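One-letter residues, chain by chain:
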Amino acid sequence: MGVRIGITCSFEPDENRHNLRRDYIDKILNAGGVPVILPPTNDRDVITEYKKTCHGLLLAGGGDVDPVNWGEEPHPDLGTVDPTRDEFELALMKCAMEEDLPVLGICRGAQVINVAFGGSLYQHLAGGISHQQKAPPSHAFHGILVVRDTRLYRISGSDTLRVNSFHHQAVREIGENLIISATARDGVIEAVESVCHRFILGVQWHPELMTDKVSENLFKALVDAGRERIKS
(Lines give C-alpha, C1' and ligand atoms only; values in the text may rest on other atoms or scores of the structure.)
Protein backbone atom coordinates (compact mmCIF):
# COMPACT_ATOMS: atom_id res chain seq x y z
CA MET A 1 0.00 0.00 0.00
CA GLY A 2 1.27 3.47 -0.86
CA VAL A 3 1.88 5.89 2.01
CA ARG A 4 -0.60 8.70 1.41
CA ILE A 5 0.56 12.06 2.74
CA GLY A 6 -2.08 14.79 2.88
CA ILE A 7 -0.69 18.23 2.06
CA THR A 8 -2.53 21.37 3.11
CA CYS A 9 -2.73 24.34 0.76
CA SER A 10 -3.90 27.94 0.63
CA PHE A 11 -6.90 29.48 -1.09
CA GLU A 12 -6.75 32.71 -3.11
CA PRO A 13 -10.28 34.17 -3.07
CA ASP A 14 -9.53 36.94 -5.60
CA GLU A 15 -8.56 34.32 -8.19
CA ASN A 16 -10.91 31.61 -6.87
CA ARG A 17 -8.20 28.97 -6.82
CA HIS A 18 -6.19 26.82 -4.43
CA ASN A 19 -2.45 27.26 -4.34
CA LEU A 20 0.42 24.90 -3.46
CA ARG A 21 4.01 24.97 -4.63
CA ARG A 22 4.99 21.88 -6.56
CA ASP A 23 8.11 21.54 -4.37
CA TYR A 24 6.03 19.97 -1.56
CA ILE A 25 4.60 17.38 -3.93
CA ASP A 26 8.00 16.55 -5.41
CA LYS A 27 9.59 16.08 -1.98
CA ILE A 28 6.89 13.61 -0.93
CA LEU A 29 7.20 11.73 -4.22
CA ASN A 30 10.99 11.60 -3.89
CA ALA A 31 10.59 10.25 -0.35
CA GLY A 32 8.44 7.39 -1.63
CA GLY A 33 5.07 8.78 -0.56
CA VAL A 34 1.84 9.47 -2.42
CA PRO A 35 0.91 13.18 -2.17
CA VAL A 36 -2.77 14.06 -1.64
CA ILE A 37 -3.70 17.76 -1.70
CA LEU A 38 -6.20 18.73 1.02
CA PRO A 39 -8.21 21.88 0.20
CA PRO A 40 -9.18 23.78 3.36
CA THR A 41 -12.73 23.22 4.59
CA ASN A 42 -14.73 23.65 7.77
CA ASP A 43 -16.90 20.63 6.99
CA ARG A 44 -16.06 18.20 9.82
CA ASP A 45 -17.26 15.21 7.80
CA VAL A 46 -14.78 16.06 5.07
CA ILE A 47 -12.00 16.53 7.63
CA THR A 48 -12.84 13.09 9.03
CA GLU A 49 -12.53 11.62 5.53
CA TYR A 50 -9.17 13.36 5.08
CA LYS A 51 -8.02 11.74 8.33
CA LYS A 52 -9.18 8.31 7.18
CA THR A 53 -7.57 8.69 3.77
CA CYS A 54 -4.11 9.85 4.86
CA HIS A 55 -1.29 8.03 6.63
CA GLY A 56 0.49 11.29 7.45
CA LEU A 57 0.12 15.05 7.07
CA LEU A 58 2.32 17.80 5.68
CA LEU A 59 1.25 21.27 6.88
CA ALA A 60 2.58 23.59 4.20
CA GLY A 61 3.78 27.16 4.58
CA GLY A 62 1.59 30.16 3.88
CA GLY A 63 0.18 33.32 5.42
CA ASP A 64 0.04 34.40 9.05
CA VAL A 65 -1.89 32.60 11.76
CA ASP A 66 -4.65 34.78 13.25
CA PRO A 67 -3.67 35.73 16.84
CA VAL A 68 -7.29 35.26 17.94
CA ASN A 69 -6.34 31.56 18.07
CA TRP A 70 -4.20 32.20 21.16
CA GLY A 71 -6.20 35.06 22.63
CA GLU A 72 -4.39 38.15 21.34
CA GLU A 73 -5.37 41.23 19.37
CA PRO A 74 -3.66 41.81 15.99
CA HIS A 75 -0.25 43.48 15.84
CA PRO A 76 0.08 46.41 13.38
CA ASP A 77 2.54 44.34 11.32
CA LEU A 78 0.38 41.23 11.16
CA GLY A 79 0.20 39.90 7.60
CA THR A 80 -2.69 38.38 5.66
CA VAL A 81 -4.74 35.82 7.60
CA ASP A 82 -7.15 33.18 6.34
CA PRO A 83 -9.63 32.23 9.08
CA THR A 84 -10.94 29.23 7.13
CA ARG A 85 -7.47 27.77 6.71
CA ASP A 86 -6.65 28.42 10.38
CA GLU A 87 -9.79 26.65 11.55
CA PHE A 88 -9.25 23.80 9.11
CA GLU A 89 -5.62 23.14 9.99
CA LEU A 90 -6.22 23.39 13.73
CA ALA A 91 -9.10 20.90 13.42
CA LEU A 92 -6.89 18.64 11.30
CA MET A 93 -4.16 18.85 13.95
CA LYS A 94 -6.66 17.89 16.64
CA CYS A 95 -7.49 14.76 14.63
CA ALA A 96 -3.81 14.01 14.15
CA MET A 97 -3.11 14.37 17.87
CA GLU A 98 -6.04 12.12 18.79
CA GLU A 99 -5.24 9.48 16.16
CA ASP A 100 -1.41 9.65 16.44
CA LEU A 101 -1.18 10.60 12.77
CA PRO A 102 2.36 11.63 11.70
CA VAL A 103 2.73 15.34 10.94
CA LEU A 104 5.50 17.49 9.48
CA GLY A 105 4.83 21.23 9.70
CA ILE A 106 6.79 23.70 7.61
CA CYS A 107 7.12 27.39 8.55
CA ARG A 108 3.44 28.34 9.09
CA GLY A 109 2.84 24.62 9.66
CA ALA A 110 5.24 24.61 12.62
CA GLN A 111 3.37 27.57 14.06
CA VAL A 112 0.02 25.82 13.59
CA ILE A 113 1.39 22.79 15.44
CA ASN A 114 2.42 24.97 18.37
CA VAL A 115 -0.96 26.75 18.53
CA ALA A 116 -2.78 23.40 18.32
CA PHE A 117 -0.85 22.26 21.39
CA GLY A 118 -1.91 25.41 23.28
CA GLY A 119 1.13 27.59 22.57
CA SER A 120 1.42 31.14 21.26
CA LEU A 121 3.34 33.00 18.55
CA TYR A 122 5.26 36.20 18.08
CA GLN A 123 3.13 38.10 15.60
CA HIS A 124 6.11 40.05 14.26
CA LEU A 125 9.80 39.50 14.93
CA ALA A 126 11.92 42.60 15.48
CA GLY A 127 15.65 42.76 16.07
CA GLY A 128 18.05 39.86 16.21
CA ILE A 129 19.17 38.27 12.95
CA SER A 130 17.21 38.52 9.71
CA HIS A 131 14.55 35.86 9.21
CA GLN A 132 13.41 37.22 5.82
CA GLN A 133 16.19 36.39 3.40
CA LYS A 134 16.87 38.34 0.24
CA ALA A 135 18.61 35.46 -1.46
CA PRO A 136 17.70 32.50 -3.69
CA PRO A 137 15.08 30.29 -1.96
CA SER A 138 17.43 27.31 -1.76
CA HIS A 139 20.22 29.31 -0.12
CA ALA A 140 21.13 28.30 3.44
CA PHE A 141 20.82 31.75 4.98
CA HIS A 142 21.49 31.43 8.72
CA GLY A 143 22.62 28.90 11.25
CA ILE A 144 20.53 27.03 13.82
CA LEU A 145 21.44 25.02 16.89
CA VAL A 146 19.85 21.57 17.10
CA VAL A 147 19.11 20.10 20.54
CA ARG A 148 20.71 16.71 21.09
CA ASP A 149 18.56 13.66 21.85
CA THR A 150 15.64 15.03 19.81
CA ARG A 151 13.97 13.58 16.75
CA LEU A 152 15.35 16.44 14.67
CA TYR A 153 18.86 15.63 15.88
CA ARG A 154 18.41 11.98 14.94
CA ILE A 155 17.17 13.00 11.49
CA SER A 156 19.90 15.56 10.88
CA GLY A 157 22.80 13.87 12.64
CA SER A 158 24.19 17.26 13.60
CA ASP A 159 23.85 19.87 16.33
CA THR A 160 24.32 22.76 13.85
CA LEU A 161 22.58 23.36 10.53
CA ARG A 162 22.17 26.19 8.06
CA VAL A 163 18.67 26.84 6.80
CA ASN A 164 16.71 29.22 4.59
CA SER A 165 14.30 31.69 6.21
CA PHE A 166 11.06 33.37 5.10
CA HIS A 167 8.99 34.30 8.16
CA HIS A 168 8.11 37.11 10.53
CA GLN A 169 5.95 35.08 12.93
CA ALA A 170 7.55 32.50 15.21
CA VAL A 171 6.84 30.30 18.23
CA ARG A 172 6.79 32.25 21.49
CA GLU A 173 5.34 30.17 24.36
CA ILE A 174 5.72 26.50 23.52
CA GLY A 175 2.64 24.28 23.66
CA GLU A 176 2.04 21.53 26.21
CA ASN A 177 3.79 18.22 25.39
CA LEU A 178 6.06 19.95 22.86
CA ILE A 179 9.79 20.48 23.21
CA ILE A 180 12.13 22.86 21.43
CA SER A 181 14.43 20.94 19.10
CA ALA A 182 16.27 23.85 17.44
CA THR A 183 16.84 27.59 17.84
CA ALA A 184 18.46 30.31 15.77
CA ARG A 185 21.45 32.08 17.28
CA ASP A 186 19.22 35.00 18.30
CA GLY A 187 17.02 32.63 20.33
CA VAL A 188 14.14 32.36 17.86
CA ILE A 189 12.64 28.86 18.02
CA GLU A 190 13.33 27.02 14.75
CA ALA A 191 11.82 23.58 15.46
CA VAL A 192 9.39 21.94 17.87
CA GLU A 193 8.32 18.33 18.31
CA SER A 194 5.86 16.31 20.35
CA VAL A 195 7.06 14.09 23.17
CA CYS A 196 3.88 11.99 23.23
CA HIS A 197 3.26 11.13 19.55
CA ARG A 198 5.02 8.88 17.09
CA PHE A 199 5.93 11.79 14.80
CA ILE A 200 4.85 15.41 15.11
CA LEU A 201 7.64 17.78 14.08
CA GLY A 202 7.54 21.40 12.98
CA VAL A 203 10.42 23.28 11.35
CA GLN A 204 10.45 27.03 10.85
CA TRP A 205 12.42 26.95 7.60
CA HIS A 206 11.47 25.65 4.14
CA PRO A 207 13.20 22.31 3.45
CA GLU A 208 11.02 21.78 0.37
CA LEU A 209 13.07 24.53 -1.31
CA MET A 210 16.45 23.14 -0.29
CA THR A 211 18.50 20.34 -1.85
CA ASP A 212 20.64 19.15 1.07
CA LYS A 213 20.47 15.67 2.60
CA VAL A 214 18.88 16.83 5.85
CA SER A 215 15.98 18.39 3.94
CA GLU A 216 15.45 15.16 2.03
CA ASN A 217 15.61 13.18 5.28
CA LEU A 218 12.84 15.26 6.87
CA PHE A 219 10.34 14.18 4.20
CA LYS A 220 11.63 10.62 4.25
CA ALA A 221 11.11 10.52 8.03
CA LEU A 222 7.48 11.64 7.58
CA VAL A 223 6.81 8.98 4.94
CA ASP A 224 8.54 6.34 7.05
CA ALA A 225 6.39 7.29 10.04
CA GLY A 226 3.28 6.95 7.85
CA ARG A 227 4.46 3.52 6.73
CA GLU A 228 4.95 2.46 10.35
CA ARG A 229 1.43 3.62 11.14
CA ILE A 230 0.04 1.39 8.36
CA LYS A 231 1.79 -1.59 9.92
CA SER A 232 0.63 -0.86 13.47
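Note that the structure is a prediction, hence the values are computed from the model and not measured.

The strand order across the open sheet formed by 9 strands is β4-β1-β5-β6-β13-β12-β11-β8-β9, and the pairing between neighbours is mixed. The open sheet is flanked by β4 (33-38) and β9 (160-163), the only strands paired with a single partner. Within this sheet the neighbouring strands show an average axis-to-axis angle of 20°, counted without direction. Here helix α4 (residues 108-116) sits on the sheet in contact with β5 (56-59), β6 (103-106), β11 (178-184), β12 (189-194) and β13 (200-203), set at roughly 120° to β6.

With that out of the way, let us pick up the nonpolar core. Ranked by internal contacts, the top residues of the largest apolar core, which has 32 residues, are Leu 58, Leu 104 and Trp 205. Of all the secondary-structure elements, those providing two or more residues to this core are β1 (3-8), α1 (22-30), β6, β8 (142-146), α5 (151-156), β9, β13 and α6 (213-231). Counting residues per element, this core draws most heavily on α6, at 7 residues. Counting residues in hydrophobic clusters, the runner-up holds 27 residues, among them Leu 92, Met 93, Val 103 and Val 171.

The next subject is unusual backbone geometry. Backbone geometry at Asp 149 places phi at a positive 65°, although glycine is not the residue there. Its location among the elements puts Asp 149 in the loop between β8 and α5. In the Ramachandran plot, Asn 177 falls in the positive-phi region, its phi being about 70° despite a non-glycine side chain. Here Asn 177 shows up in the loop between β10 (170-171) and β11.

What follows deals with the packing of helix α2 (residues 44-53) against helix α3 (residues 83-99). Two elements in contact, α2 and α3, have axes whose closest approach is 10 Å; the angle formed by their N-to-C orientations is 45°. Judged by the inter-axis angle, α2 sits oblique to α3. Considering the relative orientation of α2 and α3, their crossing is right-handed. Of the residues in α3, those in contact with Arg 44, Ile 47, Tyr 50 and Lys 51 of α2 are Glu 87, Phe 88, Ala 91, Leu 92, Cys 95 and Glu 99. Its residues placed into classes, the contact of α2 with α3 shows 6 nonpolar, no polar and 4 charged.

The rules behind each value
- Residues numbered from 1 in each chain as written.
- Predicted model: local features only at pLDDT ≥ 70, side-chain atom pairs only at ≥ 80, totals over all residues.
- Heavy atoms only, no water.
- Pairing = 2+ DSSP bridges.
- Helix = DSSP H or I, 4+ residues; strand = E, 2+ residues; numbered from the N terminus.
- Axes fitted to C-alpha atoms, helices over the stretch in contact; angles between N-to-C directions.
- Contact = heavy atoms within 4.5 Å.
- Core = buried A, V, L, I, M, F, W, Y, C linked by side-chain atoms within 4.5 Å.
- Buried < 20%, exposed > 50% of the residue type's maximum accessible area, 1.4 Å probe, protein only.
- Parallel < 35°, antiparallel > 145°, perpendicular 65-115°, else oblique.
- Left-handed = near helix turned anticlockwise from the far one by under 90°.
- Nonpolar A, V, L, I, M, F, W, Y, C, P; charged D, E, K, R; others polar.

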